[in-house]
Amino acid sequence: MIGDYLRALGQITDPRFIRVLALGLGLMIGLLFAFTVAFAWTIGLLVPDSFSLPWIGEITWVDNLASLAVIPVMLVASIFLMVPVASAFSGIFLDDVADAVEAKHYAGLPPVSHIPFSETIVETVKFLGLLVAVNLVALVIALIFAPFAPLIFWGVNGLLLGREYATMVARRRLAPAEVRVFRKRHATAIWLAGVAMAIPLTIPVMNLIIPIIGVAAFTHLFHRLNA
């Protein structure tokens, strides 16, 4: 598995990787901007411009403090938003990255039947819903067992990301029934590869390239395990 990720990192300067990175950066900025606007708008509705307290008088700085709070909130949000962004990558940009990996490392393979874009969008939206629901449950568990919160986050999202990435990569070469057999047979390796993605997704800036590295690494993992 480590070798799969090292080989993926070795191709990071590939022009096709750079193109996907640029698209992903735009996606991330767009998501953060939308979240910032929604958060600021909600704060504006909930926090009054000023109010009075007994013995103290009128308080006028609460809305300014709330506005400043957007900055740390966005830094934290960027960590959690990267997991759904990574899942979106697996559907929307997977073929571009996987094609580049196979062209360089697995020449001579027969052409693949790419999944229709409409089907990709539907599957991505369904997985995002599952991801959000499971993470909400994991958040409650993490609050109860706070010292183990990072392990819970990495374990749960490693399971989800591993399953999604392995499925999307394997579907390029295998029939649906064969994909299920592949996932079941190599469940532990797939989960560990997913955890290896989930951990750096919590590191700002680095998390921008992880979805690309993840797709490339899972492509290597598939060909190695399915050989």
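None of the values given here were measured: they were computed from a predicted structure.

Undergrad: What am I meant to see in the overall build of the protein chain here?
TA: Each helix and strand in the protein chain was counted, giving ten helices and two strands. Listing the helices and strands of the protein chain from first to last along the sequence gives α-α-β-β-α-α-α-α-α-α-α-α. Within the protein chain, buried positions represent 39% of all 227 residues. Summarising the internal contacts of the protein chain: among those between residues at least 6 apart in sequence, 78% fall at separations of at least 24.

Undergrad: Help me understand the pattern of salt bridges in this model?
TA: Close approach of charged atoms allows side chains of opposite charge to pair. One pass over the full model with this rule turns up seven salt bridges. Between arginine 19 and aspartate 96 there is a salt bridge whose closest N-O contact spans 3.1 Å. Residue arginine 19 is located in helix α2 (residues 15-46), and its partner aspartate 96 is located in helix α5 (residues 94-105); the two are separated by 77 residues in the primary sequence. Given a relative accessible area of 48%, arginine 19 falls into the partly exposed group. Residue classification places aspartate 96 among the partly exposed positions, given a relative accessible area of 31%.

Undergrad: I'm lost on the nonpolar core in this one. Help?
TA: Soluble globular proteins tend to pack their nonpolar side chains together in the buried interior. If you look at the biggest cluster of nonpolar residues, it comprises 34 residues, and the most contacted ones within it are Tyr5, Phe17, Val97, Phe182 and Phe218. Secondary-structure elements contributing two or more residues to this core are α1 (2-9), α2, α5, α7 (149-170), α8 (176-185), α9 (187-198) and α10 (210-225). The leading source of residues in this core is α10, at nine residues. When neighbours within four sequence positions are excluded, tyrosine 5 is seen to be in contact with Ala193, Ala196, Met197, Ile213, Gly214, Ala217 and Phe218.

Undergrad: Just checking my understanding: could you explain a nonpolar patch on the surface for this structure?
TA: A cluster of nonpolar side chains, Met1, Ile2, Leu6, Leu9, Leu159, Trp191 and Leu192, forms an exposed patch at the surface whose accessible area comes to about 680 Å². When residues of the nonpolar patch are traced back to their parent elements, those giving at least two are α1 and α9. In terms of residue count, α1 provides more of the nonpolar patch than any other element does, three residues in total. Residue placement: methionine 1 occurs in the segment before α1.

Undergrad: Explain the side chain of glutamine 11 to me, please; I cannot follow it from the model alone.
TA: Within the secondary structure, glutamine 11 is located in the loop between α1 and α2. You can call glutamine 11 buried: its relative accessible area is 2%. When sequence neighbours within four positions are dropped, the list of residues in contact with glutamine 11 reads Phe17, Ala100, Val101, Lys104 and His105.

Undergrad: What am I meant to see in α10 here?
TA: Every α-helical turn comprises 3.6 residues, leaving residues that sit three or four positions apart pointing alike. Taking 1.5 Å of rise per residue, 16 residues should cover 22 Å, and α10 covers 21 Å from first to last C-alpha, within 8% of that figure. Most of α10 sits inside the fold, with 14 of its 16 residues counted as buried.

What counts as what
Residues numbered from 1 in each chain as written. Predicted model: local features only at pLDDT ≥ 70, side-chain atom pairs only at ≥ 80, totals over all residues. Heavy atoms only, no water. Helix = DSSP H or I, 4+ residues; strand = E, 2+ residues; numbered from the N terminus. Buried < 20%, exposed > 50% of the residue type's maximum accessible area, 1.4 Å probe, protein only. Contact = heavy atoms within 4.5 Å. Salt bridge = Lys/Arg side-chain N within 4 Å of Asp/Glu carboxyl O. Core = buried A, V, L, I, M, F, W, Y, C linked by side-chain atoms within 4.5 Å. Patch = residues over 30% accessible without salt bridge, like charges linked within 9 Å, V, L, I, M, F, W, Y side chains within 5 Å. Areas by Shrake-Rupley, 256 points an atom, 1.4 Å probe, with all protein chains shown as cover. Expected span 1.5 Å × (residues − 1).

Everything listed here is a matter of coordinates, which is why it stays silent on function.
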